[in-house]
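Topology and contacts: notes
If you want the building blocks of each chain, they are given just below.
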Amino acid sequence: MSRQELPILADPSTCCTPMVSEALTEDAAAGLARGFKALGDPVRLRLLSLIAARAGGEVCVCELTDAFTLTGPTISHHLKVLREAGLIDCERRGTWVYYWIVPARLAALSQLLDVSAAAGAVETNR
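Everything quoted here is computed from the prediction, not taken from an experiment.

Another aspect to go through is the pairing of strand 3 (residues 96-101). Inspection of the sheet shows strand 1 (residues 59-60) paired to strand 3 by two bridges, in the antiparallel sense. Following the sheet pairing, Cys60 is matched in strand 3 by Tyr98. Bridging between strand 2 (residues 88-93) and strand 3 involves six bridges; their strand directions are antiparallel. When the bridges of strand 3 are listed, Arg92 appears paired with Val97. In sequence, strand 2 turns back onto strand 3 through a hairpin of two residues, with Gly94 there showing a positive phi of about 70°.

Next comes the structure, spelled out in structure tokens:
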């Protein structure tokens, strides 16, 4: 039996249901690819981690720009790419913009990469 023929077993008590119990549609793959492409840059990956690690769930752009040796416009560009990919969102408050992650979007990306449920199904059927 090939690996493609094996059913993916999901035990809700141990983990969430894997997103890839079947092949992605073209639209779903394109949407997820935008997120992965946005994360493919080291600056954007670091920006996302700074935002996600922030206690309180949001961070001011002034704190993000201070963490880099890049110019403000460059940081703004990278934040825009993350925003357009749906990974972060923001709100202007006075002269500053505050950013936070979008957990559901990150969960979709991480579920695609979570092969632990599929690995368990393969082990069970061996």
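With that out of the way, let us pick up the pattern of salt bridges. In the structure shown here, the tally under the stated rule is four salt bridges. Note that Arg93 is salt-bridged to Glu58, the shortest N-O span being 2.6 Å. Pair noted here: Arg93 is in strand 2 and Glu58 is in the loop between helix 2 (42-52) and strand 1, with a separation of 35 residues, a long-range link. The partner of Lys80 in a salt bridge is Glu84, with the nearest N and O atoms 3.9 Å apart. With Lys80 and Glu84 both in helix 4 (residues 72-84), this residue pair falls four residues apart, about one helical turn. Three or more residues joined by partner-sharing salt bridges are found here, namely Glu58, Glu91 and Arg93.

We now examine the side chain of Arg44. Structurally, Arg44 can be placed in helix 2. Summary of buried charges: Arg44 has no salt-bridge partner, and the nearest side chain of opposite charge, Asp41, is 4.4 Å away. The residues contacting Arg44, other than those within four sequence positions of it, are Lys37, Ala38, His77, His78, Val81 and Leu82.

What follows deals with helix 1 (residues 26-39). Helix length check: helix 1 (14 residues) gives 20 Å between terminal C-alpha atoms against 20 Å at 1.5 Å per residue, within 8%. Those residues of helix 1 that fall on the buried side of the exposure criterion are Gly31, Leu32, Gly35, Ala38 and Leu39. The buried side chains of helix 1 occupy one side of the element, clustering within an arc of 115° when seen end-on. The exposed set on the far side of helix 1, more than 90 degrees from its buried face, consists of Glu26, Arg34 and Lys37. Buried residues belonging to helix 1 abut helix 2, helix 4 and helix 5 (103-113).

Thresholds applied
Residues numbered from 1 in each chain as written. Predicted model: local features only at pLDDT ≥ 70, side-chain atom pairs only at ≥ 80, totals over all residues. Heavy atoms only, no water. Pairing = 2+ DSSP bridges. Helix = DSSP H or I, 4+ residues; strand = E, 2+ residues; numbered from the N terminus. Salt bridge = Lys/Arg side-chain N within 4 Å of Asp/Glu carboxyl O. Buried < 20%, exposed > 50% of the residue type's maximum accessible area, 1.4 Å probe, protein only. Lys, Arg positive; Asp, Glu negative; His and termini not counted. Contact = heavy atoms within 4.5 Å. Expected span 1.5 Å × (residues − 1). Arc of directions from axis to C-beta.

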